[in-house]
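What follows is the residue order along each chain.
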Amino acid sequence: MAEWRLYEVFVRSKHGLNHKHVGSVHAADAEMAMENARDLYTRRNEGVSIWVVPSDTITASASDEKEVLFDPSEDKVYRHASFYKLPDEVGHM
Amino acid sequence: MYAQLVETGAKRLKTKEEMSPEEREFQEKVDAETKIEPKNWMPEGYRKTLIRQISQHAHSEVVGMLPEGNWVTRAPTLKRKLQLMAKIQDEAGHGLYLYSAMETLGADRDEEIEKLHQGKAKYSSIFNYPTLNWADMGAVGWLVDGAAIVNQVVLQRTSYGPYSRAMIRICKEESFHQRQGYQILLDMMREGTEEQKAMVQDAINRLWWPALMMFGPHDDESPNSQQSMAWKIKRKSNDELRQMFIDQTVPQLEFLGCTAPDPDLKWNEETGHYDFGEINWQEFYDVLKGNGPCNRERIKTRKNAIDEGAWVREAAVAYAEKQKQRAQAA
């Protein structure tokens, strides 16, 4: 498998939904990755569209960057609708 | 269980005080049921044990195609042939989900498969038994996949994220396997000739004990079990899982109108479980060591598949290379 590239597989399960990561496949090229992904991840109507992406082209955040990246949003409660209390008389907004 | 004996390398469990700060943080995450992901820090023993366990599991799925492959050309109807092929294709898929999960731990697929071929890596003992009559296809689906489900449902909650997600996918597909197997047996018992009914009982007689052996040896106080439990890569003991399987399977056996080859099998009002006889552990260890009825044949078939398929893989690479050069030239 050494000479076969690894591809990550994303499947759109229904029209109108996002593609979602489902797993990976090895393949000699993108076309073969697509065929393998179809056989492996959509044998029971799981999808209407597939993306295959070479795994080595994905840039991922590292686990030790978690605080740096995500902590700043923790203390910004004013970004959520629930932060703004309205009188009952105003009704649904 | 598809992974029956997994070495953890642990001599005894470390106490929290003996752990390094990294190990302690890791154990606390596991205790809090936070999934461990590929890029997270993990103890070397955890990584190695998981590679062993997941590769055993993957090899079992792949070797597990062979006893059924024996019946593709002999299936009694086109419908049964299609069902059998769909099931075998699922097993191949399950093997691939698991090899992918294993690769996220830094293991190389080719290397792990080579270990299988050299006899260094194990796979479930159950697949070293022959499938001698058509009822075996029913009994394999019902008993073998049934035992696998009991084990795999629990493993959906395993601590390693990619393994857990592979298990969730596998469990979704596995119940089709069990139901199609049981239906084969039901049809034979309801509509079959006396000879066909005898085939069903014969298949059960041969596969009953090997199915119970799938859960592995009795749990002892061994550091391996304790370590795997502490890491939550094993969630229930072998004996607990075996009991669950027996309790749910005996009523199905009775509904078929068949019996188990175990004179000690009976309902225990007090415990609320079935009592059953002692497993022949000598047979279990013999099969695991490579001396079952089909061990050599299974490995030979797997090796041949890889060797004889080499030209296909080479052709695929050559074709991909040619396409790439054409695209660059255009």
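These numbers come from a predicted model, not from an experiment. (Residues numbered from 1 in each chain as written. Chains lettered and ligands numbered in written order. Predicted model: local features only at pLDDT ≥ 70, side-chain atom pairs only at ≥ 80, totals over all residues. Heavy atoms only, no water.)

## Focus: the nonpolar core
This is how the line gets drawn: Residues grouped as a nonpolar core are buried Ala, Val, Leu, Ile, Met, Phe, Trp, Tyr and Cys residues, joined through side-chain atoms within 4.5 Å. Categorising residues by exposure relies on relative accessible area from a 1.4 Å probe, with only protein chains included: less than 20% of the type maximum marks a residue as buried, more than 50% marks it as exposed, and the intermediate range marks it as partly exposed. Note on definitions: a residue-residue contact is assigned when non-hydrogen atoms from the two residues lie within 4.5 Å.
Core analysis: the biggest nonpolar cluster contains 99 residues, and Tyr46, Ile54, Tyr160, Trp208 and Leu256 of chain B have the highest contact counts within it. What Leu256 of chain B contacts, discounting residues up to four positions off in sequence, is Trp142, Tyr182, Leu185, Leu186, Met189 and Ile204 of chain B.

## Quick notes on the packing of helix H4 (residues 78-103) of chain B against helix H7 (residues 161-191) of chain B
Each pair of packed helices can be summarised by the angle the axes make with each other and by the distance between the axes. Residue and element names in this part refer to chain B. The line we're drawing: Simply put, an axis is a line fit to the C-alpha atoms, just over the touching stretch for a helix, and the angle between two N-to-C directions goes from 0 to 180 degrees. The way it works is that DSSP assigns letters per residue, a run of H or I at least four long becomes a helix, a run of E at least two long becomes a strand, and they are numbered from the N terminus. Note that the term roughly parallel is reserved for angles under 35 degrees, roughly antiparallel for angles over 145, roughly perpendicular for angles of 65 to 115, and oblique for everything else. For any pair of crossing helices, the crossing counts as left-handed if the nearer helix is rotated counterclockwise from the farther one by less than a right angle, and right-handed if it is rotated clockwise.
Two elements in contact, H4 and H7, have axes separated by 10 Å at closest approach and are oriented at 160 degrees. Of the possible angle classes, the one that applies to H4 and H7 is roughly antiparallel. As for the relative orientation of H4 and H7, their crossing is left-handed in sense.

## Focus: the environment of Trp209 of chain B
Residue and element names in this part refer to chain B. You can see Trp209 is positioned in helix H8 (residues 194-213). The exposure class assigned to Trp209 is buried, which follows from its relative accessible area of 18%. In this structure the C-alpha to C-alpha distance between Trp209 and Gly277, which are 68 residues apart in sequence, comes to 9.9 Å. Each residue touching Trp209, except ones within four places of it in the same chain, is listed here: Pro261, Asp262, Gly277, Glu278 and Ile279.

## A word on the environment of Asn40 of chain B
Position of Asn40 of chain B relative to the elements: it lies in the loop between helix H1 (21-31) and helix H2 (44-63). Asn40 of chain B gets classed as buried once you look at its relative accessible area, which sits at 15%. For the pair Asn40 of chain B and Gly277 of chain B, spaced 237 residues apart in the sequence, the C-alpha separation amounts to 45 Å. Dropping the residues within four chain positions of it, Asn40 of chain B is found in contact with Ser63 of chain A together with Lys29 and Lys35 of chain B.

## A look at a negative patch on the surface
Put simply, the rule is: Patch membership requires over 30% relative accessible area and the absence of a salt bridge. Like charges are linked within 9 Å, and nonpolar side chains (Val, Leu, Ile, Met, Phe, Trp, Tyr) within 5 Å. All accessible-area figures derive from a Shrake-Rupley calculation using a 1.4 Å probe, and residue coverage is judged against the displayed protein chains alone. In the sections that follow, a salt bridge refers to a side-chain nitrogen of Lys or Arg positioned within 4 Å of a carboxyl oxygen of Asp or Glu. Note on charges: Lys and Arg go in the positive column, Asp and Glu in the negative column, and His and the chain ends are not counted at all. A single reference atom marks each charge: NZ on Lys, CZ on Arg, CG on Asp, CD on Glu.
On the surface, a cluster of negative charge is contributed by Asp64, Glu65, Glu67, Asp71 and Glu74 of chain A together with Glu22, Glu25 and Glu28 of chain B. Turning to its location among the elements, Glu67 of chain A is positioned in helix H2 (residues 66-70). Using a relative accessible area of 46% as the deciding quantity, one classes Glu67 of chain A as partly exposed.

## Some points on the interface of chain A and chain B
One frequently used descriptor of interface size is the decrease in accessible area upon assembly of the parts. Under the convention used in this document: Accessible area that two parts lose when put together, evaluated with a 1.4 Å probe and summed over both, is termed the buried area. The term polar contact refers here to a pair of N or O atoms within 3.5 Å; inside protein, the definition further demands a hydrogen-donor-capable atom paired with an acceptor-capable atom, and it admits residues adjacent in sequence only when both atoms are side-chain atoms. Residue type decides the class: Asp, Glu, Lys and Arg count as charged, Ala, Val, Leu, Ile, Met, Phe, Trp, Tyr, Cys and Pro as nonpolar, and the leftover types, Gly among them, as polar.
Contacts between the two partners involve 21 residues from chain A, matched on the other side by 19 residues from chain B. Between chain A and chain B, roughly 1700 Å² of surface is buried when both sides are summed, and carbon and sulfur atoms account for 50% of that area. Between the two partners, chain A and chain B, sit four salt bridges. The salt bridge partner of Asp90 of chain B is Arg44 of chain A, with a shortest N-O separation of 2.5 Å. Linking chain A with chain B are eight residue pairs in polar contact (both at pLDDT 80 or more), by the criterion used here. Broken down by secondary-structure element, the contributors of at least two residues to the side of chain A that touches chain B are strand E2 (19-27) and helix H1 (30-41) of chain A. Residue contributions to the side of chain A that touches chain B peak at five residues, all from H1 of chain A. Per-class residue counts for the side of chain A that touches chain B are ten nonpolar, four polar and seven charged.

All quantities given are derived from atomic positions and should not be read as evidence of function.
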